[in-house]
Amino acid sequence: MRARIPVENQDTLAALRGFLKRLLETEAVEAVLVPMETPAGAVTPALVADPALLDAADPLAPVLGLNAARVVGPVTVREPRGRVAAVLRPCEYRALVELVKLQQASLEDLVTVVVDCPGTYTVPDYQKMRANGGVDRAALLAGMRTGDLAPQSGYSFRDACGMCENFAAVAGDIRVELFGADLSAGIPVVLPDDLAGHLGLEAAPEDGRRAEVVDKVTRSRVQARDAVFAEIRGRLEKEGVEGVFAACVRCHNCMTVCPICYCKTCLFKSPVMEHEPMQYMAWARRKGAYRLPADTMLFHLTRLNHMVLSCIGCGLCTDACPADLPVGRVFRAVGQQLQAVFDYVPGRSVEEPLPLITFREDEWSHVGEER
Amino acid sequence: MSDNGFEPKIVAFLCNWCTYTGADLAGTSRIQYPPNVRIIRLMCSGSVDPTYVLKALLDGADGVLIGGCHPGDCHYQSGNYKARRRVIALKEILKQAGMEEDRVWLRWISASEGQRFADTVTQMVQYLKEKGPNPMKREWAV
Ligand code: SF4
Ligand code: SF4
Ligand code: FES
(Lines give C-alpha, C1' and ligand atoms only; values in the text may rest on other atoms or scores of the structure.)
(Ligands and ions follow the chains in the order given, each with its own letter.)
Protein backbone atom coordinates (compact mmCIF):
# COMPACT_ATOMS: atom_id res chain seq x y z
CA MET A 1 0.00 0.00 0.00
CA ARG A 2 0.97 3.62 -0.34
CA ALA A 3 1.74 5.62 2.81
CA ARG A 4 3.74 8.63 3.89
CA ILE A 5 6.64 8.74 6.32
CA PRO A 6 5.97 11.81 8.49
CA VAL A 7 8.52 14.62 8.07
CA GLU A 8 9.23 17.20 10.75
CA ASN A 9 10.98 20.56 10.23
CA GLN A 10 11.44 19.78 6.54
CA ASP A 11 14.14 17.29 7.55
CA THR A 12 13.83 14.47 5.01
CA LEU A 13 17.00 12.72 6.15
CA ALA A 14 15.89 12.66 9.79
CA ALA A 15 12.52 11.26 8.71
CA LEU A 16 14.17 8.45 6.74
CA ARG A 17 16.47 7.64 9.65
CA GLY A 18 13.42 7.57 11.89
CA PHE A 19 11.73 5.13 9.51
CA LEU A 20 14.75 2.81 9.55
CA LYS A 21 14.88 3.02 13.33
CA ARG A 22 11.23 2.01 13.50
CA LEU A 23 12.03 -1.05 11.41
CA LEU A 24 14.61 -2.05 14.00
CA GLU A 25 12.76 -1.00 17.14
CA THR A 26 9.55 -2.76 16.15
CA GLU A 27 11.64 -5.83 15.34
CA ALA A 28 10.42 -5.93 11.79
CA VAL A 29 14.07 -6.70 11.07
CA GLU A 30 17.14 -7.45 13.17
CA ALA A 31 19.53 -5.18 11.30
CA VAL A 32 19.54 -2.53 8.61
CA LEU A 33 22.12 -2.49 5.83
CA VAL A 34 22.44 1.14 4.83
CA PRO A 35 25.01 3.72 3.72
CA MET A 36 26.52 5.26 6.86
CA GLU A 37 28.75 8.24 7.33
CA THR A 38 31.92 7.18 9.10
CA PRO A 39 33.44 9.42 11.80
CA ALA A 40 36.05 10.41 9.20
CA GLY A 41 33.32 11.59 6.84
CA ALA A 42 33.31 8.83 4.23
CA VAL A 43 30.18 6.99 3.18
CA THR A 44 30.11 3.22 3.33
CA PRO A 45 27.48 0.52 3.67
CA ALA A 46 27.22 -0.96 7.15
CA LEU A 47 25.04 -3.55 8.80
CA VAL A 48 23.47 -1.70 11.72
CA ALA A 49 21.99 -3.58 14.65
CA ASP A 50 21.84 -0.73 17.19
CA PRO A 51 19.09 1.77 16.32
CA ALA A 52 20.97 4.60 18.05
CA LEU A 53 23.73 4.33 15.43
CA LEU A 54 21.25 5.00 12.65
CA ASP A 55 21.77 8.70 13.38
CA ALA A 56 24.78 8.28 11.11
CA ALA A 57 22.74 6.56 8.39
CA ASP A 58 22.89 8.49 5.16
CA PRO A 59 20.62 6.82 2.61
CA LEU A 60 20.48 10.04 0.56
CA ALA A 61 24.24 10.63 0.25
CA PRO A 62 24.70 11.23 -3.49
CA VAL A 63 27.85 9.16 -3.82
CA LEU A 64 28.50 5.67 -5.13
CA GLY A 65 31.86 3.97 -4.83
CA LEU A 66 30.67 0.43 -4.27
CA ASN A 67 27.57 -1.40 -5.44
CA ALA A 68 25.93 -2.50 -2.21
CA ALA A 69 24.56 -5.65 -3.85
CA ARG A 70 28.06 -7.01 -3.35
CA VAL A 71 27.77 -6.74 0.41
CA VAL A 72 24.18 -7.94 0.57
CA GLY A 73 25.41 -11.24 -0.89
CA PRO A 74 27.53 -12.44 2.04
CA VAL A 75 24.91 -11.29 4.56
CA THR A 76 22.07 -13.24 2.93
CA VAL A 77 23.49 -16.07 0.87
CA ARG A 78 22.95 -18.97 3.24
CA GLU A 79 21.13 -20.08 6.36
CA PRO A 80 21.14 -19.38 9.22
CA ARG A 81 20.96 -15.67 8.59
CA GLY A 82 19.38 -12.62 10.17
CA ARG A 83 16.29 -10.71 9.06
CA VAL A 84 17.74 -7.67 7.36
CA ALA A 85 16.47 -4.56 5.62
CA ALA A 86 18.80 -3.37 2.86
CA VAL A 87 18.57 0.21 1.62
CA LEU A 88 19.52 0.26 -2.06
CA ARG A 89 19.65 2.47 -5.10
CA PRO A 90 17.82 1.14 -8.14
CA CYS A 91 21.09 0.00 -9.79
CA GLU A 92 22.07 -1.77 -6.58
CA TYR A 93 18.71 -3.52 -6.41
CA ARG A 94 19.08 -4.67 -10.02
CA ALA A 95 22.56 -5.99 -9.30
CA LEU A 96 21.12 -7.86 -6.32
CA VAL A 97 18.49 -9.50 -8.52
CA GLU A 98 21.22 -10.73 -10.85
CA LEU A 99 23.32 -11.99 -7.93
CA VAL A 100 20.33 -13.90 -6.60
CA LYS A 101 20.02 -15.62 -9.96
CA LEU A 102 23.75 -16.33 -9.89
CA GLN A 103 23.20 -17.87 -6.45
CA GLN A 104 25.43 -15.33 -4.72
CA ALA A 105 22.69 -13.71 -2.64
CA SER A 106 19.21 -14.46 -1.40
CA LEU A 107 16.01 -12.47 -0.98
CA GLU A 108 14.85 -14.76 1.85
CA ASP A 109 14.51 -12.94 5.17
CA LEU A 110 15.48 -9.76 3.33
CA VAL A 111 13.45 -6.58 3.09
CA THR A 112 14.71 -4.46 0.19
CA VAL A 113 14.20 -0.73 0.56
CA VAL A 114 14.71 0.88 -2.83
CA VAL A 115 15.08 4.63 -2.94
CA ASP A 116 14.55 6.89 -5.98
CA CYS A 117 17.94 8.16 -7.13
CA PRO A 118 18.79 11.59 -8.52
CA GLY A 119 22.24 10.49 -9.67
CA THR A 120 25.46 10.23 -7.74
CA TYR A 121 28.98 11.64 -7.63
CA THR A 122 32.25 9.74 -7.64
CA VAL A 123 34.00 9.24 -4.32
CA PRO A 124 36.76 11.78 -5.09
CA ASP A 125 34.23 14.39 -6.22
CA TYR A 126 32.11 13.83 -3.15
CA GLN A 127 35.12 14.24 -0.89
CA LYS A 128 36.10 17.40 -2.72
CA MET A 129 32.63 18.85 -2.27
CA ARG A 130 32.66 18.10 1.42
CA ALA A 131 36.02 19.80 1.79
CA ASN A 132 34.91 22.85 -0.23
CA GLY A 133 31.66 24.12 1.16
CA GLY A 134 29.58 20.96 1.28
CA VAL A 135 27.22 18.82 -0.75
CA ASP A 136 24.01 20.59 -1.68
CA ARG A 137 21.43 17.93 -0.93
CA ALA A 138 18.52 20.38 -0.74
CA ALA A 139 19.07 21.29 -4.39
CA LEU A 140 19.01 17.63 -5.38
CA LEU A 141 15.78 17.00 -3.50
CA ALA A 142 14.24 20.10 -5.05
CA GLY A 143 15.35 18.83 -8.46
CA MET A 144 13.70 15.49 -7.77
CA ARG A 145 10.47 17.29 -7.08
CA THR A 146 10.42 19.13 -10.40
CA GLY A 147 12.52 16.88 -12.61
CA ASP A 148 15.06 19.61 -13.28
CA LEU A 149 18.04 17.67 -12.05
CA ALA A 150 21.45 19.23 -12.33
CA PRO A 151 24.68 18.35 -10.59
CA GLN A 152 26.27 20.80 -8.21
CA SER A 153 28.03 23.55 -10.14
CA GLY A 154 31.61 22.66 -11.00
CA TYR A 155 30.83 18.92 -10.83
CA SER A 156 29.09 16.30 -12.89
CA PHE A 157 27.24 13.16 -11.96
CA ARG A 158 29.06 9.89 -12.40
CA ASP A 159 29.34 8.94 -16.05
CA ALA A 160 26.82 6.11 -15.61
CA CYS A 161 24.29 8.29 -13.82
CA GLY A 162 24.23 10.86 -16.59
CA MET A 163 22.85 8.18 -18.91
CA CYS A 164 20.88 6.12 -16.38
CA GLU A 165 17.24 5.78 -17.35
CA ASN A 166 16.45 3.34 -14.56
CA PHE A 167 16.83 5.70 -11.62
CA ALA A 168 13.33 5.34 -10.20
CA ALA A 169 12.37 2.82 -7.54
CA VAL A 170 10.06 0.47 -9.41
CA ALA A 171 10.68 -2.77 -7.52
CA GLY A 172 11.65 -3.88 -4.03
CA ASP A 173 9.64 -4.62 -0.90
CA ILE A 174 9.61 -0.99 0.18
CA ARG A 175 9.88 1.81 -2.37
CA VAL A 176 10.76 5.32 -1.33
CA GLU A 177 9.34 7.62 -3.97
CA LEU A 178 11.06 10.97 -3.93
CA PHE A 179 10.36 12.04 -7.51
CA GLY A 180 7.60 14.59 -7.86
CA ALA A 181 6.92 14.55 -4.15
CA ASP A 182 6.10 17.44 -1.87
CA LEU A 183 8.23 16.14 0.97
CA SER A 184 6.90 18.59 3.54
CA ALA A 185 3.72 16.51 3.44
CA GLY A 186 5.72 13.35 4.23
CA ILE A 187 7.84 10.97 2.18
CA PRO A 188 5.75 8.80 -0.15
CA VAL A 189 6.48 5.14 0.40
CA VAL A 190 5.03 1.93 -1.02
CA LEU A 191 5.18 -1.09 1.26
CA PRO A 192 3.35 -4.33 2.05
CA ASP A 193 0.11 -3.84 4.00
CA ASP A 194 1.15 -5.97 6.95
CA LEU A 195 4.42 -4.11 7.33
CA ALA A 196 2.62 -0.76 7.17
CA GLY A 197 0.26 -1.96 9.86
CA HIS A 198 3.17 -3.20 11.94
CA LEU A 199 4.86 0.21 11.66
CA GLY A 200 1.63 2.09 12.31
CA LEU A 201 1.59 3.82 8.91
CA GLU A 202 -1.73 4.74 7.36
CA ALA A 203 -2.70 4.65 3.72
CA ALA A 204 -2.08 7.91 1.90
CA PRO A 205 -3.15 8.94 -1.59
CA GLU A 206 -0.71 8.82 -4.45
CA ASP A 207 1.27 11.93 -5.20
CA GLY A 208 -0.04 12.98 -8.60
CA ARG A 209 3.21 14.28 -10.08
CA ARG A 210 5.58 11.34 -9.81
CA ALA A 211 4.85 9.72 -13.16
CA GLU A 212 5.19 12.99 -15.02
CA VAL A 213 8.47 13.92 -13.32
CA VAL A 214 9.99 10.45 -13.76
CA ASP A 215 9.00 10.66 -17.39
CA LYS A 216 10.70 13.98 -17.84
CA VAL A 217 13.98 12.82 -16.32
CA THR A 218 13.78 9.56 -18.27
CA ARG A 219 13.49 11.42 -21.55
CA SER A 220 16.59 13.50 -20.95
CA ARG A 221 18.58 10.51 -19.70
CA VAL A 222 17.59 8.39 -22.69
CA GLN A 223 18.69 11.17 -24.96
CA ALA A 224 22.07 11.37 -23.23
CA ARG A 225 22.36 7.59 -23.27
CA ASP A 226 21.62 7.28 -26.96
CA ALA A 227 24.22 9.89 -27.79
CA VAL A 228 26.79 7.93 -25.77
CA PHE A 229 25.76 4.66 -27.45
CA ALA A 230 26.12 6.20 -30.89
CA GLU A 231 29.56 7.54 -30.05
CA ILE A 232 30.85 4.33 -28.51
CA ARG A 233 29.41 2.12 -31.27
CA GLY A 234 31.06 4.35 -33.84
CA ARG A 235 34.38 3.93 -32.08
CA LEU A 236 34.03 0.16 -31.76
CA GLU A 237 33.22 -0.13 -35.43
CA LYS A 238 36.15 2.03 -36.46
CA GLU A 239 38.84 1.08 -33.95
CA GLY A 240 37.61 -2.25 -32.62
CA VAL A 241 37.94 -3.30 -28.97
CA GLU A 242 41.68 -3.19 -29.40
CA GLY A 243 41.36 0.52 -30.17
CA VAL A 244 38.95 1.41 -27.40
CA PHE A 245 40.83 -0.57 -24.75
CA ALA A 246 44.29 0.14 -26.15
CA ALA A 247 45.49 1.98 -23.03
CA CYS A 248 44.34 -0.72 -20.60
CA VAL A 249 46.96 -1.44 -17.92
CA ARG A 250 45.30 -4.69 -16.80
CA CYS A 251 44.80 -3.66 -13.20
CA HIS A 252 41.50 -5.59 -13.19
CA ASN A 253 39.83 -2.75 -11.26
CA CYS A 254 36.84 -2.86 -13.58
CA MET A 255 36.29 -6.47 -12.72
CA THR A 256 36.95 -6.02 -9.01
CA VAL A 257 34.28 -3.35 -8.58
CA CYS A 258 31.79 -5.07 -10.87
CA PRO A 259 28.93 -6.40 -8.75
CA ILE A 260 28.17 -9.08 -11.33
CA CYS A 261 31.72 -10.49 -11.62
CA TYR A 262 31.46 -12.73 -8.60
CA CYS A 263 33.87 -15.54 -9.48
CA LYS A 264 36.08 -16.21 -6.48
CA THR A 265 38.92 -17.04 -8.79
CA CYS A 266 38.62 -15.24 -12.05
CA LEU A 267 39.92 -17.22 -15.00
CA PHE A 268 42.35 -14.38 -15.58
CA LYS A 269 43.88 -14.79 -12.15
CA SER A 270 43.98 -18.56 -12.37
CA PRO A 271 46.79 -20.91 -13.41
CA VAL A 272 45.06 -21.29 -16.80
CA MET A 273 46.54 -17.91 -17.65
CA GLU A 274 50.01 -18.67 -16.33
CA HIS A 275 52.11 -19.77 -19.24
CA GLU A 276 55.56 -21.28 -19.60
CA PRO A 277 58.33 -18.80 -20.47
CA MET A 278 58.86 -20.48 -23.84
CA GLN A 279 55.19 -20.02 -24.64
CA TYR A 280 55.66 -16.25 -24.58
CA MET A 281 58.67 -16.65 -26.83
CA ALA A 282 56.59 -18.67 -29.27
CA TRP A 283 53.91 -16.01 -29.34
CA ALA A 284 56.44 -13.22 -29.77
CA ARG A 285 58.04 -15.06 -32.66
CA ARG A 286 54.74 -15.86 -34.30
CA LYS A 287 53.44 -12.29 -34.33
CA GLY A 288 56.79 -10.50 -34.26
CA ALA A 289 55.81 -8.86 -30.98
CA TYR A 290 53.37 -9.77 -28.22
CA ARG A 291 51.59 -7.37 -25.93
CA LEU A 292 52.18 -7.99 -22.21
CA PRO A 293 50.56 -8.71 -19.91
CA ALA A 294 49.18 -11.28 -22.31
CA ASP A 295 45.56 -11.59 -23.28
CA THR A 296 44.32 -8.07 -22.65
CA MET A 297 41.64 -8.07 -25.34
CA LEU A 298 40.86 -11.64 -24.37
CA PHE A 299 40.16 -10.32 -20.88
CA HIS A 300 37.70 -7.70 -22.06
CA LEU A 301 36.01 -9.91 -24.62
CA THR A 302 35.69 -12.73 -22.09
CA ARG A 303 34.19 -10.40 -19.55
CA LEU A 304 31.70 -9.26 -22.17
CA ASN A 305 30.78 -12.87 -22.85
CA HIS A 306 30.53 -13.83 -19.21
CA MET A 307 28.59 -10.94 -17.78
CA VAL A 308 27.32 -8.34 -20.24
CA LEU A 309 23.86 -9.91 -20.29
CA SER A 310 23.64 -9.16 -16.57
CA CYS A 311 25.22 -5.70 -16.74
CA ILE A 312 22.88 -3.39 -14.88
CA GLY A 313 24.77 -0.24 -15.79
CA CYS A 314 26.02 1.03 -12.43
CA GLY A 315 29.17 2.17 -14.24
CA LEU A 316 31.52 1.64 -11.31
CA CYS A 317 33.96 0.08 -13.78
CA THR A 318 34.34 3.40 -15.56
CA ASP A 319 34.99 5.24 -12.29
CA ALA A 320 37.54 2.64 -11.22
CA CYS A 321 39.64 2.71 -14.39
CA PRO A 322 42.99 4.43 -13.89
CA ALA A 323 43.39 4.75 -17.65
CA ASP A 324 40.10 6.60 -17.94
CA LEU A 325 38.67 4.08 -20.38
CA PRO A 326 34.93 4.08 -21.11
CA VAL A 327 34.47 0.55 -19.74
CA GLY A 328 30.90 1.01 -18.56
CA ARG A 329 29.89 2.74 -21.78
CA VAL A 330 31.12 -0.21 -23.82
CA PHE A 331 29.38 -2.69 -21.55
CA ARG A 332 26.11 -0.80 -21.60
CA ALA A 333 26.16 -0.31 -25.37
CA VAL A 334 27.04 -3.93 -26.13
CA GLY A 335 24.71 -5.07 -23.34
CA GLN A 336 21.74 -3.32 -24.86
CA GLN A 337 22.19 -5.17 -28.16
CA LEU A 338 22.76 -8.53 -26.58
CA GLN A 339 19.95 -8.19 -24.06
CA ALA A 340 17.65 -7.44 -26.99
CA VAL A 341 18.72 -10.63 -28.77
CA PHE A 342 17.67 -12.70 -25.76
CA ASP A 343 14.78 -10.46 -24.80
CA TYR A 344 16.29 -10.13 -21.35
CA VAL A 345 16.24 -7.21 -18.94
CA PRO A 346 18.87 -7.64 -16.22
CA GLY A 347 17.68 -6.85 -12.74
CA ARG A 348 14.01 -6.85 -13.62
CA SER A 349 12.87 -10.04 -11.99
CA VAL A 350 14.27 -13.09 -10.23
CA GLU A 351 11.72 -15.13 -12.19
CA GLU A 352 13.41 -14.42 -15.53
CA PRO A 353 16.14 -17.04 -15.99
CA LEU A 354 19.64 -15.95 -16.98
CA PRO A 355 19.79 -16.26 -20.79
CA LEU A 356 22.88 -18.45 -20.89
CA ILE A 357 21.71 -21.10 -18.48
CA THR A 358 18.35 -21.59 -20.08
CA PHE A 359 17.19 -22.49 -23.61
CA ARG A 360 14.21 -23.53 -25.64
CA GLU A 361 14.46 -26.54 -27.89
CA ASP A 362 12.59 -24.86 -30.71
CA GLU A 363 14.60 -21.64 -30.93
CA TRP A 364 17.23 -20.76 -33.55
CA SER A 365 16.70 -24.20 -35.07
CA HIS A 366 18.46 -23.29 -38.34
CA VAL A 367 21.70 -22.55 -36.43
CA GLY A 368 24.15 -25.46 -36.72
CA GLU A 369 22.16 -27.20 -39.45
CA GLU A 370 23.62 -25.17 -42.34
CA ARG A 371 24.70 -27.25 -45.30
CA MET B 1 40.46 -12.45 -52.96
CA SER B 2 42.41 -15.06 -54.86
CA ASP B 3 43.86 -17.94 -52.98
CA ASN B 4 47.45 -16.78 -53.29
CA GLY B 5 48.71 -19.89 -51.63
CA PHE B 6 46.98 -18.86 -48.40
CA GLU B 7 46.07 -21.90 -46.34
CA PRO B 8 43.65 -21.00 -43.56
CA LYS B 9 44.16 -22.48 -40.12
CA ILE B 10 41.03 -23.75 -38.46
CA VAL B 11 40.77 -24.70 -34.82
CA ALA B 12 37.91 -27.14 -34.25
CA PHE B 13 36.32 -27.81 -30.87
CA LEU B 14 34.43 -31.07 -31.29
CA CYS B 15 32.28 -32.97 -28.86
CA ASN B 16 33.51 -36.45 -28.10
CA TRP B 17 30.27 -38.30 -28.78
CA CYS B 18 29.14 -36.94 -32.12
CA THR B 19 31.30 -34.64 -34.16
CA TYR B 20 34.64 -36.03 -33.07
CA THR B 21 33.43 -39.52 -33.84
CA GLY B 22 32.10 -38.19 -37.13
CA ALA B 23 35.52 -36.77 -37.93
CA ASP B 24 37.05 -40.11 -37.04
CA LEU B 25 34.63 -41.85 -39.35
CA ALA B 26 35.60 -39.48 -42.17
CA GLY B 27 39.18 -40.58 -41.56
CA THR B 28 38.57 -44.32 -41.35
CA SER B 29 36.28 -44.19 -44.40
CA ARG B 30 39.04 -42.39 -46.28
CA ILE B 31 36.82 -39.43 -47.16
CA GLN B 32 39.06 -36.65 -48.46
CA TYR B 33 39.04 -33.25 -46.77
CA PRO B 34 41.64 -30.47 -46.52
CA PRO B 35 44.24 -30.81 -43.77
CA ASN B 36 43.72 -27.24 -42.47
CA VAL B 37 41.93 -28.21 -39.31
CA ARG B 38 43.42 -28.77 -35.84
CA ILE B 39 40.96 -30.75 -33.76
CA ILE B 40 40.49 -30.32 -30.04
CA ARG B 41 38.26 -32.92 -28.46
CA LEU B 42 35.91 -31.92 -25.66
CA MET B 43 33.30 -34.00 -23.91
CA CYS B 44 30.43 -31.80 -25.11
CA SER B 45 29.79 -28.68 -27.18
CA GLY B 46 28.34 -27.30 -23.94
CA SER B 47 31.82 -27.20 -22.45
CA VAL B 48 33.21 -24.78 -25.02
CA ASP B 49 33.84 -21.58 -23.10
CA PRO B 50 33.80 -18.56 -25.41
CA THR B 51 37.27 -17.77 -24.07
CA TYR B 52 38.74 -20.73 -26.00
CA VAL B 53 37.24 -19.48 -29.22
CA LEU B 54 38.39 -15.94 -28.57
CA LYS B 55 41.90 -17.02 -27.67
CA ALA B 56 42.20 -18.90 -30.96
CA LEU B 57 40.90 -15.94 -32.95
CA LEU B 58 43.02 -13.33 -31.19
CA ASP B 59 46.12 -15.46 -31.66
CA GLY B 60 45.46 -15.60 -35.37
CA ALA B 61 43.44 -18.72 -36.18
CA ASP B 62 41.58 -17.98 -39.39
CA GLY B 63 38.48 -19.81 -38.30
CA VAL B 64 36.98 -21.69 -35.37
CA LEU B 65 34.61 -24.61 -35.87
CA ILE B 66 32.47 -25.79 -32.99
CA GLY B 67 30.90 -29.18 -33.54
CA GLY B 68 28.29 -30.95 -31.47
CA CYS B 69 25.46 -33.45 -31.60
CA HIS B 70 22.24 -32.52 -33.36
CA PRO B 71 19.57 -30.97 -31.09
CA GLY B 72 17.96 -33.72 -29.07
CA ASP B 73 21.05 -35.95 -29.30
CA CYS B 74 23.42 -34.37 -26.77
CA HIS B 75 24.74 -37.04 -24.43
CA TYR B 76 24.35 -34.63 -21.56
CA GLN B 77 20.80 -33.73 -22.60
CA SER B 78 21.11 -29.99 -23.09
CA GLY B 79 24.78 -29.11 -23.63
CA ASN B 80 24.25 -28.27 -27.28
CA TYR B 81 21.17 -26.11 -26.63
CA LYS B 82 23.25 -24.04 -24.22
CA ALA B 83 26.17 -23.99 -26.65
CA ARG B 84 23.83 -22.65 -29.30
CA ARG B 85 22.86 -19.68 -27.12
CA ARG B 86 26.47 -19.10 -26.13
CA VAL B 87 27.64 -19.06 -29.73
CA ILE B 88 24.84 -16.68 -30.70
CA ALA B 89 25.93 -14.37 -27.87
CA LEU B 90 29.60 -14.70 -28.81
CA LYS B 91 28.97 -13.88 -32.46
CA GLU B 92 26.86 -10.87 -31.54
CA ILE B 93 29.60 -9.62 -29.21
CA LEU B 94 32.23 -10.11 -31.91
CA LYS B 95 30.06 -8.11 -34.29
CA GLN B 96 29.62 -5.33 -31.73
CA ALA B 97 33.33 -5.34 -30.97
CA GLY B 98 34.24 -4.78 -34.60
CA MET B 99 35.53 -8.33 -35.19
CA GLU B 100 34.67 -10.82 -37.90
CA GLU B 101 32.00 -13.09 -36.49
CA ASP B 102 31.79 -15.14 -39.69
CA ARG B 103 35.07 -16.81 -38.77
CA VAL B 104 33.17 -18.76 -36.11
CA TRP B 105 31.04 -21.66 -37.32
CA LEU B 106 28.78 -23.88 -35.26
CA ARG B 107 27.69 -27.16 -36.87
CA TRP B 108 25.76 -30.15 -35.63
CA ILE B 109 27.40 -33.27 -37.03
CA SER B 110 26.54 -36.73 -35.78
CA ALA B 111 28.83 -39.74 -35.32
CA SER B 112 27.58 -41.24 -38.57
CA GLU B 113 27.98 -38.06 -40.64
CA GLY B 114 31.59 -38.48 -41.75
CA GLN B 115 30.71 -37.04 -45.11
CA ARG B 116 29.05 -33.98 -43.53
CA PHE B 117 32.17 -33.39 -41.45
CA ALA B 118 34.39 -33.53 -44.54
CA ASP B 119 32.00 -31.28 -46.48
CA THR B 120 31.89 -28.75 -43.65
CA VAL B 121 35.67 -28.51 -43.43
CA THR B 122 35.97 -28.25 -47.22
CA GLN B 123 33.36 -25.51 -47.29
CA MET B 124 34.92 -23.62 -44.44
CA VAL B 125 38.39 -23.73 -45.95
CA GLN B 126 36.99 -22.45 -49.24
CA TYR B 127 35.09 -19.66 -47.45
CA LEU B 128 38.14 -18.58 -45.46
CA LYS B 129 40.38 -18.67 -48.52
CA GLU B 130 38.02 -16.23 -50.18
CA LYS B 131 37.80 -14.12 -47.09
CA GLY B 132 41.54 -13.96 -46.54
CA PRO B 133 43.72 -14.27 -43.44
CA ASN B 134 42.51 -13.22 -40.00
CA PRO B 135 43.75 -9.66 -39.51
CA MET B 136 44.55 -10.59 -35.88
CA LYS B 137 47.46 -12.69 -37.18
CA ARG B 138 49.47 -9.52 -37.48
CA GLU B 139 48.00 -7.65 -34.50
CA TRP B 140 50.54 -7.84 -31.73
CA ALA B 141 48.86 -5.25 -29.50
CA VAL B 142 45.89 -7.29 -28.39
S1 SF4 C 1 23.33 4.41 -12.15
FE2 SF4 C 1 21.14 5.14 -11.92
S3 SF4 C 1 20.37 4.22 -10.05
FE4 SF4 C 1 22.66 3.95 -10.02
S5 SF4 C 1 23.43 5.69 -8.86
FE6 SF4 C 1 23.37 6.37 -11.00
S7 SF4 C 1 21.33 7.31 -11.35
FE8 SF4 C 1 21.27 6.18 -9.43
S1 SF4 D 1 40.03 -0.76 -14.92
FE2 SF4 D 1 40.73 0.09 -16.91
S3 SF4 D 1 42.98 -0.30 -16.96
FE4 SF4 D 1 42.13 -1.59 -15.30
S5 SF4 D 1 41.75 -3.59 -16.34
FE6 SF4 D 1 39.81 -2.41 -16.44
S7 SF4 D 1 39.89 -1.35 -18.45
FE8 SF4 D 1 42.01 -2.04 -17.97
S1 FES E 1 27.62 -34.55 -26.10
FE2 FES E 1 27.71 -33.82 -28.16
S3 FES E 1 26.92 -31.82 -27.89
FE4 FES E 1 26.73 -32.56 -25.86
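Residues numbered from 1 in each chain as written. Chains lettered and ligands numbered in written order. Predicted model: local features only at pLDDT ≥ 70, side-chain atom pairs only at ≥ 80, totals over all residues. Heavy atoms only, no water.

Colleague: When you look at the site of ligand 1 in this model, what are you seeing that I'm missing?
Modeller: Every residue lining ligand 1 is accounted for by A:Arg89, A:Pro90, A:Cys91, A:Cys117, A:Gly119, A:Thr120, A:Arg158, A:Cys161, A:Cys164, A:Arg221 and A:Gly313. Residues belonging to the shell around ligand 1 are distributed by class as follows: 5 nonpolar, 3 polar and 3 charged. (Near = heavy atom within 4 Å. Nonpolar A, V, L, I, M, F, W, Y, C, P; charged D, E, K, R; others polar.)

Colleague: Just to check I follow, could you spell out the pairing of strand β3 (residues 43–48) of chain A for this structure?
Modeller: Side-chain direction in a regular strand flips from residue to residue, so the side chains alternate between the two faces of the sheet. Residue and element names in this part refer to chain A. Both strand β2 (residues 31–37) and β3 contribute to a ladder of 6 bridges, which runs antiparallel. Across the sheet, Met36 pairs through a bridge with Thr44, a residue of β3. Hairpin geometry of β2 and β3 is characterised by an intervening segment of 5 residues between the two adjacent antiparallel strands and by a positive phi of about 95° at Gly41. (Pairing = 2+ DSSP bridges. Helix = DSSP H or I, 4+ residues; strand = E, 2+ residues; numbered from the N terminus.)

Colleague: Teacher, can you tell me more about the sheet that holds strand β4 (residues 104–108) of chain B here?
Modeller: The strands making up a sheet are joined through hydrogen bonds of the backbone, oriented either antiparallel or parallel. Residue and element names in this part refer to chain B. If you walk across this open sheet you meet the 4 strands as β2-β1-β3-β4, and the pairing is parallel. One side of each edge strand has no neighbouring strand; the edge strands of this open sheet are β2 (37–42) and β4. Within this sheet the neighbouring strands show an average axis-to-axis angle of 20°, counted without direction. Pairing of strand β1 (residues 10–15) with strand β3 (residues 63–68), which is carried by 5 bridges, proceeds in the parallel orientation. Across the sheet, Phe13 pairs through a bridge with Ile66, a residue of β3. Along the sheet, helix α2 (residues 50–58) makes contact with β1, β2, β3 and β4, crossing β3 at roughly 155°. Of the strands in this sheet, β3 and β4 touch helix α3 (residues 79–96), which is tilted by about 160° from β4. (Axes fitted to C-alpha atoms, helices over the stretch in contact; angles between N-to-C directions. Contact = heavy atoms within 4.5 Å.)

Colleague: Hey, could you run me through the pattern of salt bridges in this one?
Modeller: It is possible for side chains bearing opposite charge to pair when their charged atoms get close. Residue and element names in this part refer to chain A. One pass over the structure, following the stated rule, counts 36 salt bridges over all chains. Glu177 serves as the salt-bridge partner of Arg210, at 3.4 Å between the closest nitrogen and oxygen. One end of the pair, Arg210, is in helix α8 (residues 210–244); the other, Glu177, is in the loop between β6 (174–176) and β7 (187–190), and 33 residues separate them in sequence. Across the pair, Glu177 and Arg210 agree in class, each one buried. With a shortest N-O distance of 2.8 Å, Asp215 and Arg219 are connected by a salt bridge. (Salt bridge = Lys/Arg side-chain N within 4 Å of Asp/Glu carboxyl O. Buried < 20%, exposed > 50% of the residue type's maximum accessible area, 1.4 Å probe, protein only.)

Colleague: In this structure, what is going on with the interface of chain B and chain A? I would like to understand it.
Modeller: You'll often see interface size given as the accessible area lost when the parts meet. Contacts between chain B and chain A engage 36 residues on the former and 43 residues on the latter. When chain B packs against chain A, close to 3700 Å² is buried across both sides, 59% of that on carbon and sulfur atoms. Three residues, B:Arg85, B:Ile93 and B:Gln96, lead the burial of chain B against chain A; their summed loss comes to 20% of the area buried on that side. Our count for the chain B to chain A interface comes out at 4 salt bridges. Residue B:Lys55 is joined to A:Asp295 by a salt bridge in which the shortest nitrogen-to-oxygen separation is 2.7 Å. One can count 27 residue pairs in polar contact (both at pLDDT 80 or more) joining chain B with chain A. (Buried area = accessible area lost by both parts, 1.4 Å probe. Polar contact = N/O pair within 3.5 Å; in protein donor to acceptor, adjacent residues only side chain to side chain.)

Colleague: Can you walk me through the side chain of B:Asn80 in this structure?
Modeller: With respect to the helices, strands and loops of the structure, B:Asn80 is situated in helix α3. Ignoring sequence-local partners within four residues, the contact set of B:Asn80 consists of B:Ser45, B:Cys69, B:His70, B:Pro71, B:Gly72, B:Cys74 and B:Trp108.

Colleague: Sorry if this is basic, but what is going on with the packing of helix α11 (residues 296–307) of chain A against helix α13 (residues 327–341) of chain A here?
Modeller: Helix-helix packing is characterised by the crossing angle of the two axes and by the distance between the axes. Residues and elements named next belong to chain A. Interaxial distance between α11 and α13 falls to 11 Å at its minimum, and their mutual angle equals 45°. One way to sum up the angle between α11 and α13 is to call them oblique. Every pair of crossing elements has a handedness; the one defined by α11 and α13 is right-handed. Contact residues: α11 offers His300, Arg303, Leu304 and Met307, while α13 offers Val327, Phe331 and Val334. Classifying every residue of the contact of α11 with α13 by side-chain character gives 5 nonpolar, 1 polar and 1 charged. (Parallel < 35°, antiparallel > 145°, perpendicular 65-115°, else oblique. Left-handed = near helix turned anticlockwise from the far one by under 90°.)

So, to be careful, I would describe these as geometric facts and stop short of saying anything about function.
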